[in-house]
Amino acid sequence: QSIRSKTVMEAAKRGIAFYSILQTPDGHFAGDYGGPHFLLPGLVVAWYVMGRPSAMISPPQQVLMLHYLKVHQQEDGGWGTHIESPSTMFGTTVCYLAVRLL
């Protein structure tokens, strides 16, 4: 059954109510967004530029990030733009950069 709002404000309030159910108590939206290989390197570069704060990426997290990148490396040594793509120049470059900075 389709529920239709009578006003834009009602639709917006219903949307906010729906997404607030999905939000965790600490304010983030949990979920798996694994796959794209350009997100983690961006985080690592930002971390590096900020002076490698351990509050942002702790040493145990660095180890886990390196492990993630290693297990998603292609047989040819490169990385794709996401975990299911063949190696690309972009994916390989940004992932290699992340490995070196970690």
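Residues numbered from 1 in each chain as written. Predicted model: local features only at pLDDT ≥ 70, side-chain atom pairs only at ≥ 80, totals over all residues. Heavy atoms only, no water.

## Comments concerning helix α4 (residues 89-101)
Phase 1 of the analysis: In this model, α4 (13 residues) spans 18 Å end to end at C-alpha, consistent with the 18 Å of a helix rising 1.5 Å per residue.
Phase 2 of the analysis: Looking at α4, one finds that the buried residues are G91, V94, C95, A98 and L101. Buried residues along α4 cover an arc of 125 degrees about the axis, so they all sit on one side. In α4, the exposed residues that point more than 90 degrees away from the buried face are M89 and R100.
Phase 3 of the analysis: In the core, the buried residues of α4 are packed alongside α2 (39-49) and α3 (59-71). (Helix = DSSP H or I, 4+ residues; strand = E, 2+ residues; numbered from the N terminus. Expected span 1.5 Å × (residues − 1). Buried < 20%, exposed > 50% of the residue type's maximum accessible area, 1.4 Å probe, protein only. Arc of directions from axis to C-beta. Contact = heavy atoms within 4.5 Å.)

## Brief notes about a nonpolar patch on the surface
Phase 1 of the analysis: Residues F18, Y19, I21, L22 and F29 make up a contiguous nonpolar surface patch of roughly 570 Å² in combined accessible area.
Phase 2 of the analysis: Considering the arrangement of structural elements, one finds L22 in helix α1 (residues 8-22).
Phase 3 of the analysis: On the basis of relative accessible area, L22 is assigned to the partly exposed category, the value being 42%. (Patch = residues over 30% accessible without salt bridge, like charges linked within 9 Å, V, L, I, M, F, W, Y side chains within 5 Å. Areas by Shrake-Rupley, 256 points an atom, 1.4 Å probe, with all protein chains shown as cover. Salt bridge = Lys/Arg side-chain N within 4 Å of Asp/Glu carboxyl O.)

## Comments concerning the packing of α2 against α4
Phase 1 of the analysis: The interhelical angle for the contact between α2 and α4, taken along N-to-C directions, is 40 degrees, at an axis separation of 9 Å. Judged on the interaxial angle alone, α4 and α2 are oblique. Along this stretch, α2 crosses α4, giving a crossing that reads as left-handed. Across the interface between the two elements, P41, V44, V45, W47 and Y48 of α2 pack against V94, C95, L97, A98 and L101 of α4.
Phase 2 of the analysis: When the residues that make up the contact of α2 with α4 are grouped by side-chain class, the tally is 10 nonpolar, no polar and no charged. (Axes fitted to C-alpha atoms, helices over the stretch in contact; angles between N-to-C directions. Parallel < 35°, antiparallel > 145°, perpendicular 65-115°, else oblique. Left-handed = near helix turned anticlockwise from the far one by under 90°. Nonpolar A, V, L, I, M, F, W, Y, C, P; charged D, E, K, R; others polar.)

## Structural notes on unusual backbone geometry
Phase 1 of the analysis: The phi dihedral of R52 falls on the positive side, at around 60 degrees, and the residue is not glycine.
Phase 2 of the analysis: Residue classification places R52 among the partly exposed positions, given a relative accessible area of 38%.

## What to know about the packing of α2 against α3
Phase 1 of the analysis: At a closest axis distance of 12 Å, the pairing of α2 and α3 adopts a crossing angle of 145 degrees. Between α2 and α3 the crossing geometry is left-handed. Of the residues in α3, those touching α2 at L40, L43, V44 and W47 are Q62, M65, Y68 and L69.
Phase 2 of the analysis: A class-by-class count of the residues in the contact of α2 with α3 yields 7 nonpolar, 1 polar and no charged.

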